[in-house]
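For reference, the chains in residue letters:
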Amino acid sequence: MAEVLRENFDGVEAQTETVKCSSCGSNMVFNPETQTLECPHCGTTKSFGNVGMAGELDLRAGLYGGNRWTAEEAVVFGCDNCGAKVVLKQGETAASCPFCGTAHVRKTEELAGVKPNALIPFAFDGKKAIELSKAWAKKRFFAPRKFKKNVDADHVKGVYAPCFTFDSKTTSYYEGRIGQTRTRTVGSGKNRRTQTYTVWRNICGTFDFNYDDLLITAGSKFGQRELNKISPFDTNNSRTYEEEYLLGFMAYHYDSELSDCWSRAKKDIDADLRRRILSQYVHDKVAYLNVSTSHADVTYKYVMLPVYVGNYNFKSKLYNFFVNGSTGKVWGKTPKSPLKITIAAILGVAVVTLLILLLGGNI
Ligand SMILES: [Zn+2]
Ligand SMILES: [Zn+2]
């Protein structure tokens, strides 16, 4: 497959090919343990250029294009089985799909699109990721034994997940009507009773809040739920994106454009602002609340997050689990063993029956 690539990009490939080892000529890869490039064959290391902190980009400029990957820098591979697309540095090939494990991954004609400006490097290698996954799998009580045993290198791959972070200074004007339930005692003698009633009041005002690095995923196979489950990621300290970080890893190609992700961020911000505004008042009912918000100084980062993606097929259903490549936090779905569920249900019924029998004598 490497040969095919060479033919396609004959001529330009010489300047942009993967970094070769100075001693033996093998392709060098990024080693998370040393944070340098390393030759997997002879161990020669090479530190790479500037390791700067990533800066914020102006959103308006970003919505009109942004910095794009050229065909000479990166190529897109698509999975025939699950549709996932990954970006690899020119000259590298994908052996299998990180999301479903199939070997049916092919180079596509598509361009890689907008280039990231920020990245959090992997902090540990694949071996450690497998250990963490195994420890996590062990604690999944209902997972079949086979699943726990089959977590291995073939099924756990390091993938940079594309995400956008947004900063915004918001100012909101709001007006609404909120209520609080109270109780009072009315009547006297035999007619004395408790009544509940609502005290309503109108509220209005302005509310300012600054959002910093609100994180929105740009990939559907590594969705917002998955991202939130293995968060946090220290995006405020992300590095300037350098191509060398990608060596030996894949980048998951985004499914959502910057504009879509900004729309989603605004929705999240709206919901969050409502909560923040209402939390200033004692209330238990909201008749209505109108909020109109303006955003100023909006900036974004297109950041690649380090995620080890695990995949597992069980009874022809696909399960993914994810390991945060900087903190080691694991989350995912596992198959459930029907036998274990049945045993648990029987035990549950037995415990309840036993309790009824034991307590029965005392009632
Ligand atoms: Zn070497
Ligand atoms: Zn796939």
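Keep in mind that this is a model prediction, so the values were computed, not measured. (Residues numbered from 1 in each chain as written. Chains lettered and ligands numbered in written order. Predicted model: local features only at pLDDT ≥ 70, side-chain atom pairs only at ≥ 80, totals over all residues. Heavy atoms only, no water.)

A. Representation of the overall build of the chain within the structure. Looking only at helices and strands, the chain has eight helices and 15 strands in total. Relative to its length of 363 residues, the chain is extended, with a C-alpha radius of gyration of 27 Å against a globular reference of 21 Å. Expressed along its principal axes, the backbone C-alpha trace of the chain runs to roughly 100 × 60 × 35 Å. The buried share of the chain, reckoned over its 363 residues, is 42%. Intrachain contacts of the chain at a sequence separation of at least 6 include 73% that bridge at least 24 residues. Only carbon and sulfur atoms are counted for the fraction: they give 52% of the accessible area of the chain, which is about 19400 Å². Computed over 47 positive and 37 negative side-chain charges, the separation of the two mean positions in the chain equals 16 Å. (Helix = DSSP H or I, 4+ residues; strand = E, 2+ residues; numbered from the N terminus. Rg over C-alpha atoms; globule rule 2.2 N^0.38 Å. Buried < 20%, exposed > 50% of the residue type's maximum accessible area, 1.4 Å probe, protein only. Contact = heavy atoms within 4.5 Å. Areas by Shrake-Rupley, 256 points an atom, 1.4 Å probe, with all protein chains shown as cover. Lys, Arg positive; Asp, Glu negative; His and termini not counted. Charge placed at Lys NZ, Arg CZ, Asp CG, Glu CD.)

B. Region of the structure containing the nonpolar core. In this structure, Trp69, Tyr160, Phe164, Phe166 and Tyr308 are the most contacted members of the largest nonpolar core, which totals 52 residues. Elements represented by at least two residues in this core include exactly strand E5 (74-79), helix H4 (126-138), strand E9 (156-186), helix H7 (258-278), strand E13 (285-314) and strand E14 (317-324). Looking at which element gives the most residues to this core, the answer is E13, with seven residues. Other than its neighbours up to four places away in sequence, Trp69 contacts Ala74, Val87, Ala112, Gly113, Val114, Lys115, Pro116, Tyr241, Leu246 and Met304. If you look at the next biggest cluster of nonpolar residues, it comprises 30 residues, including Cys79, Ile230, Met250 and Phe322. (Core = buried A, V, L, I, M, F, W, Y, C linked by side-chain atoms within 4.5 Å.)

C. Representation of the side chain of Thr235. Looking at the secondary structure, you find Thr235 in the loop between helix H6 (224-230) and strand E11 (239-240). You can call Thr235 buried: its relative accessible area is 5%. Residues contacting Thr235, with those up to four places away along its chain left out, are Ile120, Thr165, Asp213, Leu215, Lys301, Val303 and Leu305.

D. Region of interest: the pattern of salt bridges. Counted according to the given criterion, the structure contains 10 salt bridges. One salt bridge connects Arg106 with Asp80, and the closest N-O pair in it is separated by 3.2 Å. A residue pair is termed long-range when its members are at least 10 positions apart, and Arg106 in strand E7 (residues 105-107) and Asp80 in the loop between E5 and strand E6 (85-89) qualify at 26 residues. Owing to a relative accessible area of 51%, Arg106 belongs among the exposed residues under this scheme. Asp80 gets classed as partly exposed once you look at its relative accessible area, which sits at 46%. A salt bridge links Glu243 to Lys89; its shortest N-O distance comes to 3.2 Å. Note that Glu243 is positioned in the loop between E11 and strand E12 (250-252) and Lys89 in strand E6, a separation of 154 residues in sequence. (Salt bridge = Lys/Arg side-chain N within 4 Å of Asp/Glu carboxyl O.)

E. Quick look at the packing of aromatic side chains. This structure, assessed with the given rule, holds 19 aromatic pairs. Three or more aromatic residues joined by ring pairs form one cluster here, namely Phe30, Phe122, Phe124, Tyr160, Tyr245, Phe249 and Tyr308. Sitting above the plane of the Phe124 ring, Lys128 keeps its charged end 5.0 Å from the centroid. The residue whose ring lies beneath Arg184 is Tyr197, and the NZ or CZ to ring-centre distance is 4.0 Å. (Phe/Tyr/Trp six-rings, centres within 6.5 Å; stacked < 30°, edge-to-face > 60°. Lys NZ or Arg CZ within 6 Å of the ring centre and 35° of its normal.)

F. Focus on the coordination of the zinc ion (ligand 1). Protein-derived ligands of the zinc ion (ligand 1) are Cys21 (SG), Cys24 (SG), Cys39 (SG) and Cys42 (SG), with the metal-ligand distances lying across 2.2 to 2.3 Å. Angles of 102 to 121 degrees at the metal separate the four donor atoms of the zinc ion (ligand 1), which places the site in the tetrahedral class. Site description for the zinc ion (ligand 1): donor spacing in sequence, C-x2-C-x14-C-x2-C. Note that Cys24 is positioned in the loop between helix H2 (13-16) and strand E1 (29-31) and Cys39 in the loop between strand E2 (36-38) and strand E3 (45-46), a separation of 15 residues in sequence. Given the relative accessible area of 35%, Cys24 is considered partly exposed. (Donors = N, O, S within 2.8 Å, 3.2 Å for Na, K, Ca; no water. Tetrahedral: all angles 85-135°; square planar, octahedral: opposite > 155°, others 65-115°.)

G. Structural context of the sheet that holds E1. If you trace the three strands from one edge of the open sheet to the other, you get E1-E2-E3, paired in antiparallel fashion. In the strand order of this sheet, the two ends are held by E1 and E3, each with one partner. Where E2 lies against E3, two bridges are found, and the strand directions are antiparallel. Within E3, the residue paired with Leu37 across the bridge is Lys46. (Pairing = 2+ DSSP bridges.)

H. Molecular detail of the pairing of E14. Among the eight residues of E14, six are classified as buried, and the element is accordingly described as predominantly covered. Of the strand pairs in this sheet, E13 and E14 are connected by eight bridges, and their pairing is antiparallel. When the sheet's bridge partners are listed, Asn313 is paired in E14 with Leu318. Here E13 hands over to E14 after two residues, with Lys315 in that stretch at a positive phi of 50 degrees. Here E14 runs beside strand E15 (residues 330-332); their pairing, made up of three bridges, is antiparallel. Each bridged residue has a counterpart across the sheet, and for Val323 the counterpart in E15 is Val330. In this structure, the hairpin formed by E14 and E15 is closed by a connection of five residues, where Gly328 is found at a positive phi of approximately 85 degrees.

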